[in-house]
Amino acid sequence: MKVTIHGTDYTAALDTAKPLIIERKLNEPSICELSLSLPPDGSMSAPMRNQFVSVTGDDGTVYFTGYIAAVPMPLYAGAGMRGPVYSMSIQALSDEILLDQFLMPPTKGTSGGTAGGLVSRLVTRTGSTMISTQSLSLNAAISYFVPAPGSQWSKCAGQIAGMARAAYRAVNGALILSSVQSTVHTLNETDGTLNLDSLALTAGVKRALANDVTVCGEIE
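Residues numbered from 1 in each chain as written. Predicted model: local features only at pLDDT ≥ 70, side-chain atom pairs only at ≥ 80, totals over all residues. Heavy atoms only, no water.

Please clarify how the pattern of salt bridges should be interpreted in this entry.
Two side chains with opposite charge may pair up if their charged atoms get near one another. Using the criterion set out here, one finds one salt bridge in the structure. Salt-bridge contacts for Glu23 lead to Lys25; the nearest nitrogen and oxygen are separated by 3.7 Å. Look at Glu23 and you get partly exposed, because its relative accessible area is 36%. The class of Lys25 is partly exposed, set by a relative accessible area of 48%. (Salt bridge = Lys/Arg side-chain N within 4 Å of Asp/Glu carboxyl O. Buried < 20%, exposed > 50% of the residue type's maximum accessible area, 1.4 Å probe, protein only.)

Any chance you could explain the nonpolar core here in plain terms?
In globular proteins that are soluble, nonpolar side chains generally tend to be buried together. If you look at the biggest cluster of nonpolar residues, it comprises 26 residues, and the most contacted ones within it are Leu122, Trp153, Leu175 and Leu177. Put simply, the parts of the chain that give this core at least two residues each are helix H1 (97–100), helix H2 (115–126), strand S10 (141–145), helix H3 (153–163), strand S11 (166–171) and strand S12 (174–179). For Leu122, the residues in contact, after removing those within four places along its chain, are Met104, Phe145, Trp153, Cys156, Ala157 and Ile160. In terms of nonpolar packing, the next biggest core, distinct from the first, is built from 17 residues, Leu34, Leu38, Ile90 and Ala92 among them. (Core = buried A, V, L, I, M, F, W, Y, C linked by side-chain atoms within 4.5 Å. Helix = DSSP H or I, 4+ residues; strand = E, 2+ residues; numbered from the N terminus. Contact = heavy atoms within 4.5 Å.)

I tried to follow the environment of Thr8 on my own but got confused; where do I start?
Relative to the helices and strands, Thr8 is located in strand S2 (residues 8–9). In this structure Thr8 comes out as partly exposed when scored by relative accessible area, which is 35%. Placed 36 residues apart in sequence, Thr8 and Met44 show a C-alpha to C-alpha distance of 8.8 Å.

Looking at this structure, I do not really get H2. What am I missing?
Note: α-helices contain 3.6 residues per turn, so residues at a spacing of three or four share the same orientation. An ideal rise of 1.5 Å per residue puts 16 Å on twelve residues; H2 measures up with 17 Å between its terminal C-alpha atoms. Along H2, the residues that are buried comprise Ala115, Gly116, Leu118, Val119, Leu122, Val123 and Thr126. Where H2 is buried, its residues touch H1, strand S9 (110–114), S10, H3 and S12. (Expected span 1.5 Å × (residues − 1).)

Sorry, what's going on with unusual backbone geometry here?
Note: most residues except glycine have negative phi, and most peptide bonds are trans. In the Ramachandran plot, His6 falls in the positive-phi region, its phi being about 55° despite a non-glycine side chain. Among the structural elements, His6 can be located in the loop between strand S1 (2–5) and S2. Even without glycine at this site, Asn50 takes up a positive phi of about 75°. On the secondary structure map, Asn50 appears in the loop between strand S4 (31–37) and strand S5 (52–56). Taking the relative accessible area as the measure of exposure, Asn50 reaches 45% and is therefore partly exposed.

Please explain the environment of Gly109 as it appears in this structure.
The residue Gly109 is located in the loop between H1 and S9 in this model. Here Gly109 falls in the partly exposed class, since its relative accessible area comes to 27%. Spatially, the C-alpha atom of Gly109 lies 7.1 Å from that of Tyr144, the residues being 35 residues apart in sequence. Other than its neighbours up to four places away in sequence, Gly109 contacts Tyr144, Phe145 and Val146.

What is the right way to look at the packing of aromatic side chains in this model?
The geometry of an aromatic ring pair comes down to the distance between the two centres and the angle between the two planes. This structure, assessed with the given rule, holds two aromatic pairs. An angle of 65° between the planes, with centres 5.3 Å apart, marks the rings of Phe52 and Tyr67 as edge-to-face. With Phe52 in strand S5 and Tyr67 in strand S6 (residues 62–68), this pair connects stretches of sequence that are 15 residues apart. What makes Phe52 partly exposed here is its relative accessible area of 31%. Judged by relative accessible area, Tyr67 falls into the buried class, the value being 16%. Ring centres of Trp153 and Tyr168 lie 5.7 Å apart, and the angle between their planes is 90°; on these two criteria the pair is classed as edge-to-face. Pair noted here: Trp153 is in helix H3 and Tyr168 is in strand S11, with a separation of 15 residues, a long-range link. Given a relative accessible area of 6%, Tyr168 falls into the buried group. (Phe/Tyr/Trp six-rings, centres within 6.5 Å; stacked < 30°, edge-to-face > 60°.)

So what exactly am I meant to see when it comes to H3 here?
Taken as a whole, H3 has its buried residues at Trp153, Ser154, Cys156, Ala157, Gly158, Ile160 and Ala161. In this structure, the buried residues of H3 make contact with H1, H2, S10, S11 and S12. In the segment just after H3, Arg165 is the residue with positive phi, at about 50°.

The following block contains the structure:
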């Protein structure tokens, strides 16, 4: 894995005590959280707000691209052989943060469009040319779309994607919009060691939210 910030490779400075986390939610900006332990000799500069962040795999796969959302604050982590050691906690938001910084002009709504066309039109309305829309080819019909007043670009794009039962993602300077696939899991009490008495649903805050789950049977 390689972590690049503002054109500089920070992979060697990753704090192994705190794992790098990429959090993706349906039709919302992705979040990348990581910590850096910079060398005390000052050979690596501290990252700053709005600098570009890229996380790629060893095979070249791009897992995350975005921008640092807040000024990283150094936290004292202890004393090293060459002096005090500080850990910097960094949080970056995916590429659509560039579009969220622009005000969305008011509109009375659009009718008779497609999901890909409407999301592309949202980008055009911001006036930004930093995000590519060439991959927005989803032709799912949207009968009528009215953005919520004062909403950011990502909120409006998520609204369109939800109406088309699709998911959008911004990565590597481009927008991707694709249909959400349907997955069916059949449960049979006679298969394996399944015990329905042990099946429980909890409302823990750490449990990932599902987009749409339907349970069919005698007791739902």
